[in-house]
Amino acid sequence: MRVFLEQRRMRKFIHVDMDAFYASVEQRDDPTLRGRPVVVAWRGQRSVVCAASYEARQFGVRSAMPAVRAERLCPDAVFVAPDFARYKAVSRQVREILLRHTDLVEPLSLDEAYLDVTEPKSGLASATAIAKTIRAQIREETQLTASAGVAPAKFLAKIASDWRKPDGLFVIRPHEVLDFLAPLPVARIHGVGKVTDGRLAALGIRTIAELRAFDARALEAQFGRYGRRLSELAHGIDRGEVRPDRPTQSISSEDTFAEDVPLAATEPMIRDLAARTWAATRRTERVGRTVVLKLKTREFRILTRSRTPEAPPHSADELTAIALALREQIALPTTTLYRLVGVGLANFCDPDDTPTQPPLFA
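To keep things clear, this report deals only with the structure shown in the data block.

**Quick word on the packing of aromatic side chains**
Move 1: Summed over all chains, the structure comprises eight aromatic pairs.
Move 2: Aromatic pair Tyr-22 and Tyr-87: ring centres 4.4 Å apart, planes at 10°, arrangement stacked. Here Tyr-22, found in helix α2 (residues 21-29), pairs with Tyr-87, found in helix α5 (residues 84-99); they are 65 residues apart in sequence, far enough to count as distant.
Move 3: Classification of Tyr-22 as buried rests on a relative accessible area of 1%.
Move 4: Both rings, one in Trp-42 and one in Phe-84, keep their centres 6.5 Å apart while their planes meet at 55°; by these two values the pair is tilted. A residue pair is termed long-range when its members are at least 10 positions apart, and Trp-42 in the loop between β2 (38-40) and β3 (51-52) and Phe-84 in helix α5 qualify at 42 residues.
Move 5: Residue Trp-42 is classed as partly exposed on the basis of its relative accessible area, which comes to 44%.
Move 6: In this structure Phe-84 comes out as buried when scored by relative accessible area, which is 12%.
Move 7: Here the aromatic residues Phe-21, Tyr-22, Trp-42, Phe-84 and Tyr-87 are joined through ring pairs into a cluster of three or more.
Move 8: One residue, Arg-57, lies across the ring of Tyr-54, its end atom 4.5 Å from the ring centre.
Move 9: The positively charged end of Lys-154 is found above the aromatic ring belonging to Tyr-114, 4.6 Å away from the centroid.

What follows is the structure in structure tokens.
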């Protein structure tokens, strides 16, 4: 009876991810770009890649990469200036398709979303059937492809959607979860970046099976509450729910230095993080008004500085300039060393609610 009740409570999640979205829209709308390495980015020393076609990705080009590096990696790439109004229009079209099947749709960006299809509106027999139908409708109505993952947990659905990209569908059934996760590297878990991956490696943990076998209390001692969550995810446990129409409130990027550094040495990292954050904001329709700089000292003291300019930043350059100016507000002794830095945008609102002014770097 208990097993039966557990099965009744089992939820069904789909993660839908458009394939190389911005680049695919450009290739769809301009037949001369099809089959060619397309990089969606402005040219320039400080520009970053917004998206890359799969042809460009074969050369190592990736989103948020400096455009100059992308050009070095793929000299024959076709650079196309981004047209976010067009991408957002297509994103709304895809959203309408998703909403035919469930009201529980949680957009993560313009090109991906979670769906809870435990009780679908469309009456299809299974989550797999729904995912197949969604992909077919997207292809027919937008002439674009999407990959999808189906699973009994949100984080698993996201892993699954990446499993057979591009234009693929992968299903993880409840009885397959533990076996599926076991051989995967821990870096496949959302939130495990280079630094956390390195710390886990120092504990002898390289796979999710090894993470699962590690004592949960020891993980919590090493990583705090995130250690407990890591243990749960290794066991396939994710209590996350789909939260529809959750507006973007903040977007940030942060990283830990390999070695603690003085404040003056943080500039390259701040520039890199600002570029990453700016690239991430291009995937939402809302606009961030407040720039936030976060620093963590060697002693784990967290410092934040923020500024809300008269008009939101118009470019990665403006975001970087404000973040570097916020750094000047740190008044700790010059001997203080820092182990982490982060750059973010907060106080998001709809574009119509934001004041405008000419860009600082026009």
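**What about the sheet that holds strand β5 (residues 105-109)?**
Adjacent strands of a sheet pair through backbone hydrogen bonds, lying either parallel or antiparallel.
Move 1: Sheet architecture is open: five strands sit in the order β5-β6-β1-β7-β8, paired in mixed fashion. Looking at strand neighbours, the two that pair on one side only are β5 and β8 (169-171), the edges of this open sheet. Averaged over all neighbouring strand pairs, the angle between strand axes comes to 15°, with direction disregarded.
Move 2: The pairing of β5 with strand β6 (residues 112-116) spans four bridges and is antiparallel. Within β6, the residue paired with Glu-106 across the bridge is Tyr-114.
Move 3: Contacting β1 (13-18), β6, β7 (146-151) and β8, helix α6 (residues 127-142) runs over the sheet at an angle of about 170° to β7.

**A few points about the nonpolar core**
Move 1: In this structure, Ile-14, Phe-21 and Tyr-22 are the most contacted members of the largest nonpolar core, which totals 36 residues.
Move 2: Looking at which element gives the most residues to this core, the answer is α5, with six residues.
Move 3: Core analysis: the next-biggest nonpolar cluster, separate from the first, contains 28 residues, Ala-157, Phe-180, Ile-208 and Phe-223 among them.

**Quick word on α2**
Move 1: The buried fraction of α2 is high, at seven of nine residues.
Move 2: When α2 is considered as a whole, its buried residues turn out to be Phe-21, Tyr-22, Ala-23, Ser-24, Val-25, Glu-26 and Gln-27.

Definitions and cut-offs
Residues numbered from 1 in each chain as written. Predicted model: local features only at pLDDT ≥ 70, side-chain atom pairs only at ≥ 80, totals over all residues. Heavy atoms only, no water. Phe/Tyr/Trp six-rings, centres within 6.5 Å; stacked < 30°, edge-to-face > 60°. Helix = DSSP H or I, 4+ residues; strand = E, 2+ residues; numbered from the N terminus. Buried < 20%, exposed > 50% of the residue type's maximum accessible area, 1.4 Å probe, protein only. Lys NZ or Arg CZ within 6 Å of the ring centre and 35° of its normal. Pairing = 2+ DSSP bridges. Axes fitted to C-alpha atoms, helices over the stretch in contact; angles between N-to-C directions. Contact = heavy atoms within 4.5 Å. Core = buried A, V, L, I, M, F, W, Y, C linked by side-chain atoms within 4.5 Å.

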